[in-house]
Amino acid sequence: MTTFSPQSSNAFAELMAIRGMMPLDPSEVTLTGADPFFRTPFRIGEVSAAVLAARGVAANDLWELRTGRRQAIKVDARAAAATSLSGGEETLLRGADGLHHPIPTAPAMKHMVALTQPWAAADGGYVLPHTNLPHLERRVLDVLACDSTVEAVSAAVGRWSADALEDALAAARACGGKVRTPQEWLAHPHGAYLAARPVVEITKVAESAPQPLPAGAAPLAGLRVLDLTRILAGPTAGLSLAEHGADVLMVTAPELPQVPAFVRDTSHGKRSAFLNFTRPEEADRLRALVREADVFIDGYRPERLGAHGFGVQELMALRPGLVHVSVNCFGSGGPFAGRAGWDQVAQAVTGICHTQGEASGAGRPELTPVFMCDFITGFLGAFGAMLALARRTREGGSYQVQVSLCQSAMLLQREGLVSGFSDAPGRLTPPEFDALSVEVNGTCYGDLKTLGPVLGMAETPCRWSRPTPRLGGDRPEWLARGPATS
């Protein structure tokens, strides 16, 4: 088995610099495995493993505050890469024959993937329009003035210049992005802004008294997380915190569109309640939950929650000591900060699509085989949240944590490229999957066999305390927690 030093990982070093504490004992973190795992030149497995290991270090910091002890951390790059298959090939459903079988991809997802590709523009550039969720697809099609077919979208993009279409999509509050080279992105004002910021931004925004951790046998035991996110990156941040023992309550509204496979695979260990914050009584109930929360994860379009009285300052006035985690596409500032986006948009604008197409010999930009920016961003959000919670325990304060899909794409590119990926497996072998899988029976989706937590921690193994829930199946209230520990 290949073993590589965490110190050889640029991504891990970046995250430890953000942590900013004494160096780790060299024996604390072990990373194994290597890329390529997918048919891509990007080091998806190694970067994912490094980010998961950093998340483990942040959990260790909280465990040390509780117990005075640290524990060994281990992550395998192949297993870490496979987390990017969540919502797809790494969840099986038990059939009538008693065996577990792959779950067919929904037709709506296949259609979205077919449309959401880089298409050639009139000036020789490329633009990726994003059509996930019906209302966002409608906005894209209205800008393009075309039908929802591959042929129509391709032809319509070809009538625009790349810059003009990117701006028109943004003006319509649709999602899409111009394909840039990595160098073009870093020269762009937004890319330059992000390059000057840390990949995880943690800001102390208000003073409050230090808060001891509640009693419990896991790093986040007794801590409460409000998860107001959908579709991969934000939900992965909530899933990560649940794996370390937090009480994670997903809050959404029944009328909001979802992708069922993504809900299924990023909700293990959580509870789910319906609240519509546009209705006064339900907004009041959400405020009551905020007053007793420790972490609030915001995955909405920038400023969307603020327009309804749930902006960062309002939340922290309700709950001094709150850790607010913002998960979005374009980051904390810069000219594109108000734009919404998805993993594929981040791949397009930051240079990943350009490099993928060039390295694969496609002769045009291509997306990578998986939505790796989503999962890396979710892991980074949890890493930042736990660092902020440790600071809150030691010195007090309310904190804002900001992570983004574009920053994750840039982190991935800074790690460098691999060659010889044309025959990469793209999935775990059956024995590897069996060793890491968890059977989750009796869910609203059926009896599942799915890739379990891949971050190894010797004393407090990552686990899901409950099966993936039915959306809206729980009451909007917190579980009881034990007394605080010093």
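Check the entry above for the structure.
Just so we're clear, the structure is a prediction, and the values are computed from it rather than from any experiment.

So what exactly am I meant to see when it comes to the packing of aromatic side chains here?
Here a ring pair, both rings aromatic, is described through the centre-centre distance and the interplanar angle of the planes. As enumerated under the stated definition, the model contains five aromatic pairs in all. Ring plane angle 80° and centroid distance 5.5 Å describe the contact between F330 and F336, whose orientation is recorded as edge-to-face. Neither residue differs from the other here; F330 and F336 are each classed as buried. By the ring-pair criterion, three or more aromatic residues cluster together here, those being F277, Y300 and F310.

It is not clear to me how the layout of surface pockets should be interpreted in this structure. Could you clarify?
Rolled over the atoms, a probe as big as a water molecule pinpoints where empty space is left. Here the largest pocket defines a volume of roughly 1,100 Å³. In terms of lining residues, the largest pocket is bounded by 46 residues, among which G87, T105, M109, V113 and F262 are the most central. Among the secondary structure elements, those contributing two or more residues to the lining of the largest pocket are α4 (107-115), α5 (134-144), α11 (260-265) and α14 (343-350). For the lining of the largest pocket, the element with the highest residue contribution is α4, accounting for six residues. For the lining of the largest pocket, the per-class residue count stands at 26 nonpolar, 15 polar and five charged. Of the voids in this model, the second largest pocket is the one considered here, and its volume is about 750 Å³. Around the second largest pocket, the lining is made up of 36 residues, and of these L133, R230, G299, Y300 and R301 lie nearest the centre. Mapped by element, the contributors of at least two residues to the lining of the second largest pocket are α5, α10 (233-243), β11 (247-252) and β14 (323-328). For the lining of the second largest pocket, the per-class residue count stands at 19 nonpolar, nine polar and eight charged.

What is the right way to look at the sheet that holds strand β4 (residues 91-94) in this model?
Hydrogen bonds along the backbone pair up the strands of a sheet, which may run parallel or antiparallel. Taking strand neighbours across the sheet as the criterion, the four strands line up as β5-β4-β17-β16 in an open arrangement whose pairing is antiparallel. Strand pairing shows two members of the sheet lacking a second neighbour, β5 (100-102) and β16 (437-443), which therefore form its edges. Averaged over all neighbouring strand pairs, the angle between strand axes comes to 30°, with direction disregarded. Two elements, β16 and strand β17 (residues 446-451), share five bridges in a ladder whose sense is antiparallel.

Honestly, the packing of α10 against helix α16 (residues 372-395) in this entry has me stumped. Any pointers?
Between two packed helices, what matters for the description is the angle formed by their axes and the separation of those axes. Relative orientation of the contacting elements α10 and α16 amounts to 45°, with a least axis distance of 7 Å. When the axis of α10 is compared with that of α16, the two are oblique. Note that α10 runs across α16; the crossing there is right-handed. From α10, A233, T236, A237, S240 and L241 reach across to α16, where they touch D374, F375, T377, G378, F379, A382, A385 and M386. Looking at the contact of α10 with α16 residue by residue, the classes come out as eight nonpolar, four polar and one charged.

Which parts of the structure should I look at to understand the state of the cysteines?
Think of a disulfide as a covalent bridge from one cysteine sulfur atom to another cysteine sulfur atom. Under the defined criterion, the tally for this structure stands at zero disulfides. The thiol sulfur of C175 is not disulfide-bonded, and the nearest other cysteine sulfur, from C329, lies at 7.9 Å. The closest cysteine sulfur to the non-disulfide-bonded C373 is located on C406, 8.0 Å from its own sulfur. Accessibility expressed as a relative area gives 1% for C373, which makes it buried.

Please clarify how the pattern of salt bridges should be interpreted in this entry.
Opposite charge on two side chains permits them to pair, given that their charged atoms come into close proximity. Counted by the stated rule, this structure contains 30 salt bridges. D447 is the salt-bridge partner of R94, the closest N and O atoms lying 3.4 Å from each other. Taken together, the residues R94 in strand β4 and D447 in strand β17 connect sequence positions 353 residues apart. Residues joined in a network through salt bridges with shared partners are R19, E28, D61, E64 and R70.

Explanation requested: the packing of helix α2 (residues 44-67) against α16 in the structure shown.
As a packed pair, α2 and α16 sit with axes 9 Å apart at the nearest point and diverge in direction by 20°. The orientation of α2 with respect to α16, classified from their angle, is roughly parallel. Crossing of α2 against α16: the hand is left-handed. Contact residues: I44, V47, S48, V51, L52, A54, R55, A58, A59, D61, L62 and L65 in α2; M372, I376, F379, L380, A382, F383, M386, L387, L389, A390, T393 and R394 in α16. Split by residue class, the contact of α2 with α16 holds 19 nonpolar, two polar and three charged.

Where do I start with empty space enclosed by the protein in this structure?
Evaluation of the coordinates by the stated rule reveals four cavities of 30 Å³ or more. Its volume calculated, the largest cavity comes out at about 260 Å³. In terms of lining, the largest cavity is formed by 25 residues, of which the most central are T83, L239, E243, L451 and G452. Looking at the lining of the largest cavity, the elements with two or more residues in it are α2, α10, α16 and β17. The element contributing the most residues to the lining of the largest cavity is α10, with four residues.

Could you clarify how one ought to interpret helix α1 (residues 10-19) in this entry?
Each α-helix turn comprises 3.6 residues. Residues three or four places apart therefore point the same way. Taken as a whole, α1 has its buried residues at A11, F12, L15, M16 and R19. The buried residues of α1 occupy one face: seen down the axis, they fall within an arc of 130°. Check the buried side of α1 and you find it contacts β2 (29-32), α2, α16 and α17 (405-414). Two residues or fewer after α1 comes G20, characterised by a positive phi angle close to 70°.

Parameters and conventions
Residues numbered from 1 in each chain as written. Predicted model: local features only at pLDDT ≥ 70, side-chain atom pairs only at ≥ 80, totals over all residues. Heavy atoms only, no water. Phe/Tyr/Trp six-rings, centres within 6.5 Å; stacked < 30°, edge-to-face > 60°. Buried < 20%, exposed > 50% of the residue type's maximum accessible area, 1.4 Å probe, protein only. 1 Å grid on protein atoms, 1.4 Å probe; cavity = no way out; pocket = protein on both sides within 12 Å on 5 of 7 lines; lining within 4 Å. Points joined across faces, edges and corners; volume = space filled by probe spheres on them. Helix = DSSP H or I, 4+ residues; strand = E, 2+ residues; numbered from the N terminus. Nonpolar A, V, L, I, M, F, W, Y, C, P; charged D, E, K, R; others polar. Pairing = 2+ DSSP bridges. Axes fitted to C-alpha atoms, helices over the stretch in contact; angles between N-to-C directions. Parallel < 35°, antiparallel > 145°, perpendicular 65-115°, else oblique. Left-handed = near helix turned anticlockwise from the far one by under 90°. Contact = heavy atoms within 4.5 Å. Disulfide = S-S within 2.5 Å. Salt bridge = Lys/Arg side-chain N within 4 Å of Asp/Glu carboxyl O. Arc of directions from axis to C-beta.

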